[in-house]
Every structure is written in structure tokens, then in C-alpha cells.
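# Observations on the model geometry
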Amino acid sequence: MSGGPAVRVSIESSCEKQVQEVSLDGVETYVPPLSMSQSLARLAQRIDFNQSDESNDEEASSSETPWKQEQEEEEGVVRFQPSLWPWDSVRTALRGALTEMCVLHDVLAVVKEKKYMALDPVSQDNSSTKVPQVLQLMSKKRALAQAGGVLLRGADRLSRSVCETADRGRQRDFNSELLRLRSQWKLRKIGDKILGDLSYRSSGSLFPHHGTFEVIKNTDIDLDKKIPDDYCPLSVHIPSDLQGSAYIKVSIQRTAPDIGDLGTVNLFRRQPKSRAGAQQWHVQLEAAQNVLLCKEILSQLSREAVQLKSQIPHIVVKNHIISQPFPGLQLSISLCHSTGDKKKQRCPAENKPDDHLYVLEHNLHQLIREFHKQSLTSLAVPQPASGPLGPKRVRVAGPMALDKSSIAALHSSEGLLDKIIKQAKHIFLRSRTARTIDSLASRIEDPQIQAHWSNINDVYESSVKVLITSHGYEQICKSIQLQLNIGVEQIRVVHRDGRVITLSHQEQELQDFLLSQMSQHQVHAVQQLAKVMGWHVLSFSNHVGLGAIENIGNASAVTVTSPNGEHAISGTHTHTHTHTHTHTHTQSAMLAQGCRVLVQRVRGACVGGSGVCVGGAEVVQDQRWAQLRGGHREVNWSRMEGRNFIYKMELLMAALTPCP
Amino acid sequence: MEAPPVTVMPVTGGAINMMEYLLQGSVLDQALDSLLHRLRGLCDNIEPETFADHELVYLLKGQQGQPFLLRARRSLSHPTAPWHLRYLGQPEVGDKSRHALVRNCVDVAASHSLPDFLNEMGFRMDHEFVAKGHVFRKGTMKVVVSKLSRVLVPGNTENTEQLSLSSLVELSVLAPAGQDTVSEDMRAFAEQLKPLVHLEKIDPKKHT
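Residues numbered from 1 in each chain as written. Chains lettered and ligands numbered in written order. Predicted model: local features only at pLDDT ≥ 70, side-chain atom pairs only at ≥ 80, totals over all residues. Heavy atoms only, no water.

## Examining the overall build of chain B
Each helix and strand counted, chain B has 4 helices and 9 strands in total. Split into buried and exposed, the 208 residues of chain B put 41% on the buried side. Sequence-distant contacts, at least 24 apart, represent 67% of the contacts inside chain B between residues at least 6 apart. Summing over all exposed atoms, chain B offers an accessible surface of approximately 11,700 Å²; the carbon and sulfur share of this is 55%. (Helix = DSSP H or I, 4+ residues; strand = E, 2+ residues; numbered from the N terminus. Buried < 20%, exposed > 50% of the residue type's maximum accessible area, 1.4 Å probe, protein only. Contact = heavy atoms within 4.5 Å. Areas by Shrake-Rupley, 256 points an atom, 1.4 Å probe, with all protein chains shown as cover.)

See below:
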């Protein structure tokens, strides 16, 4: 560029401010200095735009010649204006830019003609950074979008499968539970509900309860919270009258003076025990089935109690049935049903002894099941197979020409209540017999009574073997052995000697009988002892017809003589009941057994020392009469040494046997 | 001596007129076990009973066209059980929509002198066969699955020859006349046996 060195254009305002006025007190008021825009405007006014416009207009032309012309004019313009002009550099820079643009324009025009210049493409490298950024961005975006799409799809599949397993986990539980439920209980599907049957109808029950329960799926589980251990995805809905648990209470008591508040007292005492490892629904269903069975038992018993005519009518009050098997005794059968609501339970006084006969409750259950089985099999298939379905006896009665009694015999007519009353009677009789024997055994020491109960019993019959022995002489004196067969209402006694005696249910009869047998035992024992000791039995009688009438039984008597015939012992034994001696076990108790022992000594044997002189003046003086035995003298039995009667007798015999 | 005239009167069994509703089908021996299992599950819960019966069919030929037919059946497995005499009437031509074959039925239990009695009355035995199989029961419905065998020597039930390789399945109900719901129940039960055996009403007239 021609011209002088570049002039730096700088705009600055002078620091000094012009004084506008000076006030009277000497304060100068400055003229506010010009702002930048104002000073710029002042300077711009100095520019002569008209002169420079000429050269700028010619820039628009696109030919060469005007360009040259332009150049000359520019130079001329430059000669005119000295380098003092402040916009010179600006003008120069603009002119330079114009020049370059013109050159570029010319080159492009030349290239367009393709006569003097040609353009060759420049080879591009792969690593050329000349790719525009927008394209890069687009391609990167697309690639990332594709990768992102793949990843999203994978993640979606994963999450879906996880959700499914979580769902299926719970779903599978419900189905497996349902399978387990179905393997034990009858289920059927009606619409979208699953119903089950817990009644005994399929095994022969005729109870008109529907016994259906509903299976419900538990969907109220919160997945976020921890699942409790006993959570079951399946629950059963049991009809309201079968909820809770129940049992049948059978007990025998003394006859109460009045029925009392039987209908209101809740007798339930037993807490249901839960088996470990059993599912909740299983426990619930079993309990409900038990309740149903207990209701059926009670309804059957009530029906029979009302319909059957017995001598003493049975009382049926709500859930209780009361009957009297024996006079003074009351058998009560009641259904104890607890609905599981603990608030309503009123536990009765715990101090009452548990007189619940569990055996009878079990038997009731067994009897009702037998009844079911019978109702099933009574309608058994006909033989031959073409026959009509129906009870067998109807088919058979015609051709066999059965009469009414035979038909009745075919059909067992005993009801549940009859059977259970018979069983209760038997149980009561058996326990009372045992009590009688035990009380006698504890009360009386001589002789001893032993009872051997048979382990194998029937519901209607038991047996016990009673032995009466004396202590120390079991091998010698074993003549009283009784076999008692306890039936429903009677006790049959079979004696060792073959006698069969039937006793009624009265307790006193058995007691008296046993006492009389004990008394007879003593005398039998003397007889056996005499054989062992060598004494001879002169007479023996089980039932002596002389003497005072005894309270219990008859007196028995025996007379034995010594081996050399010099002495004779006569003994009678009875059992007299003297009430004052029942409590003590002293010697006086033994004396309640009335026994009298008399000794007959040789005539004329008036021994001074020990014995007592027989009598005063003897009428008969002949020596040969001395060999006969003289009168009797009673022995003071209570002061005799010896633990029991036999022992004393043995000592007496020994004392009277002379030493050789 | 010509046969005595047979008066054709409606045969009734006392006061109640019992009708037999019948559906029949057959099953091959290979499928017999599965059928028995299925019946065991569907029917009442009693121990399955087998039977062996000997049936004699007696005819009384009169002057009129149709001979009078009576079936006498005794049990071979229970020799002391009484004989069973049966009369089956003509199938009722009711509406075609009834699903089971309905015919009048009279059942009589008889003592062991039945064959002699029938002979004395003028009946002559037409044929006899032995049937062995199982009986099931569901409510009032009776299902009899039986294998029929032919008796070679009359009176000798030991030597028998099987008639076919399949068993006869009969579903029958004895009900008083006029109960049409019975056939619905029978059809529902037959539906449950469907793929194993097809029980349908078979008109005996078409097969003679």
C-alpha cells in the first residue's frame, strides 16, 4: 500500500473540561464533556463522504477494464488525499478486500470457460477433517440410536422375564397348593369358582348338610413387604356353622336334681392342638369336617332319643341328651362347639374333675362311621347283576318266604343311642366292680383278695379273675377262685367248683357275695391245712343250718381231730358287718369276722398247770370212758398269736399235737 | 296238543309301573381296564363288585305272532342267591329327543325251582349265555360291564366260549313311569365316558 506508515486511529476525549461558567463564589461549572457517541458524531461530520463514494461505486462492476480503470482512479484518489486522512487504513483494507474478491471472480469466470483453466478435484483422505460437523453428528446420533435400541430391547426382555418369574413364582405356589389340596379333598369347578365337598356323603352319610367350602386365591399380598413364613396363596372359606372346632362330651354323673342351665353353659374346654407341618387349610378343613361329624352324631342321637320308646324317656335339650342307664345315674352326651372366638368362651370351673369318657366319644365316632358303611353296603349291587338296586332283604324275602320276624332279624334295628347307652352301662358297671373289689381289698387284710383283670375286653363284656387267699398259705388254700364276667347289666360269677351265679348291677350284691366267699375261704383253708398237718377232717359244712341267722350268707363250720384223736377243733366262721370297725385296720377289724373256735380235749385230762379242770365230779368213773373226748372249751381267739386266721389255726393245731 | 292261547294283556308289576331306561355301548378288551378305572372314579364309593351270571331266555310261543319272552338269571358266584326273572316290554315310542331307551320292566325274585316252573307253564328255553364282569352304581344308575360267553352244552356253564373280543356296557335306571329327568342324568353320565365308550340307545327291533 502506498502512503505513509499506518496511522493509528484512536478516539479519545481530552481530559480537560471546558468551563461553562464561573459562579460568583468561585465554583466552576464545567461543560459536561461530550459522550462517546457525541464525539464520534463530531468527528464523522468532518468526513467528506461525497469524495470517497465514487471509488466505492465502481467496485460493483465485474469486468477487467473497469477494474484497471478503478485502480488508476484509486491511485489518483490516493494522490489527492494525503496520508493525514484518519480513515486511510480502513479504506486501504477495504480496497484490498475488493481486489481479492475481483481476482476470485475473474478466476471463476476464466475457469467457467474451461479454455484457459481447469479445476481438478482434490483427493480426500479418510482422516480428512473436512467432513462437516453436522453430518458427523447425524451419523453418530443414528449409530447411538441403533445401539441404544438393541440395549433397550434386551433390557425390556430381561425385565419382562423377571416380572414373569416373580408372578409365576406366586402363581406356581397357588397351583401347587391347589394340587395338594385336590389330592386330599374333593374339588370341582363351577363357573369361575372352585368349590369343595367336606361332607361324608360319598361314604354313606345321609346328613342333609351340604358341606361345601370355597377355595379362594390370596391376592392381597404386598410384594414390597416381606412375605410371612406361614403365608399361603390359597385359603378356604368354610360355611359359618362349621367354623371352629367341636367334640362330643360323654359323661356319667349322679342324677342331678334338675336340668339346670344345660342349654346355656358352654362346656368347651379343650384347646385345639395344631399339628406342625400341616397346611392352614388342611387344619381348617379337618376341623370343619369334625364339626360336621359331631353334628351328625348328635342329630342321630337326638332323633333316636325322641323316637325310640324306652322305659325312662331320654331328655333332649338343645345340644345335650340325658338318659338314665341305671337308677340314680345319669348319662349325658353333649356337643361342645367352640367357634374359635375367644371372647365368647366361658371356661367352666376347672376344679370339676374331668369325667369325660373319651372312650365313648371315640366309640361314637366309630359307630357313626359304621352306620355310614352300612348304609352304603345295604344298597349293594344285586346278585345276579340284572336285579334292581335296593336293599338285599327285599330281594331275598320273597323267594325265601321269610316271615316278619326273620325280616326284622335281617335288619339290625339297634340304633346309635342304644348302643352307646349299653356301652356306658358296661363301663360304669366295670368301674364300679373294680372299685368294690379294691375297697374290700384295702379294708380287709385277712383273707386277701386279688383281682386279675383281663386285658382283652369287648365293648359289652369284660372279665376279671378274683382270688381269695391267706397270706403265707397261698399254695395250700386256693380253693376260692372266682371268674367274674361283667356284662351290660349283670355280673356272672363262675365258681371254681362249677357253680354259676348271676348278680345284678347292685353294688351291695357283689360286696355281700365276696364277703361270704371270704368267710367260706377261711373254713376251706382250715380243711386244707388239716390235710397238711395230718389232722383228720370230721365234718365240713359250707352252710350251717343251725345257730343264729347271719346278716350275710351262712356260717360255715369244720371239725378236725388231731392225729392221735385226742383233741378236736371245731370252728365256725361268718361275716358279720359291724360298722364300727370299718375304718380301722387293727386286730379288731379282723374280729368283725365272727369266728368261734372250740377245742375238745380228752376227757379227764385235767392238767393242773396250763389247762383248766374240766369239771367237778365225774359221773362215769370207768377208765375206758377216759378215751372219749370231753366237753368243748372256747378259745379266746383274739388273744391267740398269729397274723391271720389260718396261722392261728396252725399254731393251735401245733400246740394240741403232742410231741412224740 | 296245540299251544294254549296266550292272551296279550299289558304286563304290569303290581301297583307301580316301573320303566327301565337303558343306554348301551361296547368297549374293546384293550380299553376295558381304563374304562373300569374311569367308572371306579365316577361312581359311588363302594368296593367294585364282580359278578358271574347265567341267563336263560324262555319263550312262550302262542298262536299269535309275537312269542312271549322272559329272562331268568341266576348268579354263579353266589349260588344261594335267588333267581331273577325279568320281563322287558316293547320300547316306548316317545319323542325322538329322549336320550335313553325306555321300556316297561317287571322284576321278580324267584326261588331255585324257577326253571322247572317255567317249563311246567309251557315256556321253552330259547338260548342261554353266561355273563361275567363288573357292576357299578351311581345313585340310582347302574352300570354293568359284562363279557358274554356262549354256553356250548346246554346246562353246562363250565365250558363257555367268548362271543366277541369286546365287552358290553349297559347303563340302566329303574324308575316309575313318567320321569323324564332320568334320561337327562343318564345322558350327562354317558357324556363323561365319551372317549372310552359311546353309550347310545340301541333299538332292539332294528337289530333282529
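## Points about the overall build of chain A
The number of helices and strands found in chain A is 13 helices and 20 strands. Taking all 660 residues of chain A together, 33% fall into the buried category. Residue pairs in contact within chain A that sit at least 24 positions apart in sequence constitute 60% of those at least 6 positions apart. Here chain A has roughly 42,300 Å² of accessible surface; of this, 55% comes from carbon and sulfur atoms.

## Here we look at the pairing of strand 7 (residues 245-254) of chain A
All names here are of chain A. For strand 7, the tally of buried residues reaches 8 of 10 residues, placing the bulk of the element in the interior. Bridging between strand 7 and strand 10 (residues 329-338) involves 10 bridges; their strand directions are antiparallel. When the bridges of strand 10 are listed, Ile248 appears paired with Leu335. (Pairing = 2+ DSSP bridges.)

## Digging into the pattern of salt bridges
All names here are of chain A. On inspection of all chains with the given rule, the structure shows 17 salt bridges over all chains. In this structure, Glu634 and Arg596 form a salt bridge, with 3.6 Å as the shortest nitrogen-oxygen distance. Of this pair, Glu634 sits in strand 20 (residues 629-634) while Arg596 sits in strand 19 (residues 595-602), placing them 38 residues apart in sequence. Taking relative accessible area as the criterion, Glu634 reaches 47% and is therefore assigned partly exposed. (Salt bridge = Lys/Arg side-chain N within 4 Å of Asp/Glu carboxyl O.)

## Some thoughts on unusual backbone geometry
All names here are of chain A. Cis rather than trans, the peptide bond between Asp446 and Pro447 has omega equal to -5°. Turning to its location among the elements, Pro447 is positioned in the loop between helix 10 (416-443) and strand 11 (448-453). Backbone geometry at Lys114 places phi at a positive 60°, although glycine is not the residue there. Structurally, Lys114 is set in the loop between helix 4 (88-113) and helix 5 (133-184). By relative accessible area, which is 69% here, Lys114 ends up exposed. Here the phi dihedral of Ala401 falls at roughly 55°; this positive angle occurs in a residue that is not glycine. By the secondary structure assignment, Ala401 is in the loop between helix 8 (392-400) and helix 9 (404-410).

## Some points on the interface of chain A and chain B
The interface of chain A with chain B comprises 16 residues on the first partner and 27 residues on the second. For the pair chain A and chain B, the two sides together bury roughly 1,800 Å², of which 66% comes from carbon and sulfur. One can count 0 salt bridges joining chain A with chain B. In this structure, the connection of chain A to chain B is made through 0 residue pairs in polar contact (both at pLDDT 80 or more). If one sorts the elements of the side of chain A that touches chain B by residue count, helix 8 of chain A sits on top with 3 residues. (Buried area = accessible area lost by both parts, 1.4 Å probe. Polar contact = N/O pair within 3.5 Å; in protein donor to acceptor, adjacent residues only side chain to side chain.)

## Some details on the sheet that holds strand 5 (residues 212-217) of chain A
Residue and element names in this part refer to chain A. Taken together, 4 strands build an open sheet; the order of strands is 3-4-5-6 and the sheet is antiparallel. The two strands at the open ends of the sheet, each matched to only one other strand, are strand 3 (186-190) and strand 6 (234-237). In this sheet, neighbouring strand axes are inclined to one another by 35° on average, regardless of whether the strands run parallel or antiparallel. Pairing geometry for strand 3 and strand 4 (residues 193-197), over 5 bridges, is antiparallel. Paired with Ile190 across the strands is Lys193, a residue of strand 4. (Axes fitted to C-alpha atoms, helices over the stretch in contact; angles between N-to-C directions.)

## Things to note about the confidence of the model for chain A
Any segment with low pLDDT has predicted coordinates that should not be analysed in fine detail. Overall, the predicted model of chain A reaches an average pLDDT of 79, with 77% of residues at or above 70. Confidence over residues 606-614 of chain A falls short of pLDDT 50; this stretch has 7 contacts with residues more than four positions distant or in other chains. (pLDDT = per-residue confidence, 0-100.)

## Let's talk about the sheet that holds strand 9 (residues 320-323) of chain A
In any sheet, the strands associate via hydrogen bonds between backbone groups, in a parallel or an antiparallel arrangement. Residue and element names in this part refer to chain A. What the 4 strands build is an open sheet, ordered 7-10-9-8; its pairing is antiparallel. Both edges of this open sheet fall to strand 7 and strand 8 (315-317), since each of them pairs with a single strand only. Pairs of neighbouring strands in the sheet enclose a mean axial angle of 15°, with direction left out of account. In this structure, strand 9 lies alongside strand 10, joined through 4 bridges in antiparallel fashion. Within the sheet, the bridge partner assigned to Ile321 lies in strand 10 and is Ile333. Contacting strand 7, strand 8, strand 9 and strand 10, helix 6 (residues 280-307) crosses the sheet at an angle of about 40° to strand 7.

## Side note on a nonpolar patch on the surface
Residue and element names in this part refer to chain A. A cluster of nonpolar side chains, contributed by Val9, Ile11, Leu40 and Leu43, occupies part of the molecular surface with about 330 Å² of accessible area. Examined against the element boundaries, Val9 turns out to sit in the segment before strand 1 (19-22). With relative accessibility at 45%, the residue Val9 sits in the partly exposed group. (Patch = residues over 30% accessible without salt bridge, like charges linked within 9 Å, V, L, I, M, F, W, Y side chains within 5 Å.)

## Notes on the packing of helix 11 (residues 507-533) of chain A against helix 13 (residues 645-656) of chain A
Residues and elements named next belong to chain A. With their axes 10 Å apart at the nearest point, helix 11 and helix 13 run at an angle of 35° to one another. Along this stretch, helix 11 crosses helix 13, giving a crossing that reads as right-handed. Across the interface between the two elements, Gln522, Ala525, Val526, Leu529, Ala530 and Met533 from helix 11 touch Phe645, Ile646, Met649, Glu650, Met653 and Ala654 from helix 13. A class-by-class count of the residues in the contact of helix 11 with helix 13 yields 10 nonpolar, 1 polar and 1 charged. (Left-handed = near helix turned anticlockwise from the far one by under 90°. Nonpolar A, V, L, I, M, F, W, Y, C, P; charged D, E, K, R; others polar.)

## Looking at the side chain of Lys147 of chain B
Residues and elements named next belong to chain B. The residue Lys147 is located in strand 7 (residues 141-151) in this model. There is a polar contact of 2.8 Å between the side chain of Lys147 and the backbone oxygen of Ser164. Contact partners of Lys147, with chain neighbours within four places excluded, come to Asp29, Val130, Ala131, Lys132, Gln162, Ser164, Leu165, Ser166 and Ser167.

## Remarks on the pairing of strand 12 (residues 462-469) of chain A
Residues and elements named next belong to chain A. Along strand 12, 7 of the 8 residues are buried, which leaves the element largely enclosed by surrounding structure. As judged from the 6 bridges shared by strand 11 and strand 12, these two strands associate in the antiparallel manner. By the bridge assignment, Ile449 is partnered in strand 12 with Ile468. When strand 12 meets strand 13 (residues 481-486), the two strands line up antiparallel, connected through 6 bridges. Bridge pairing in strand 13 links Ser462 to Ile486.

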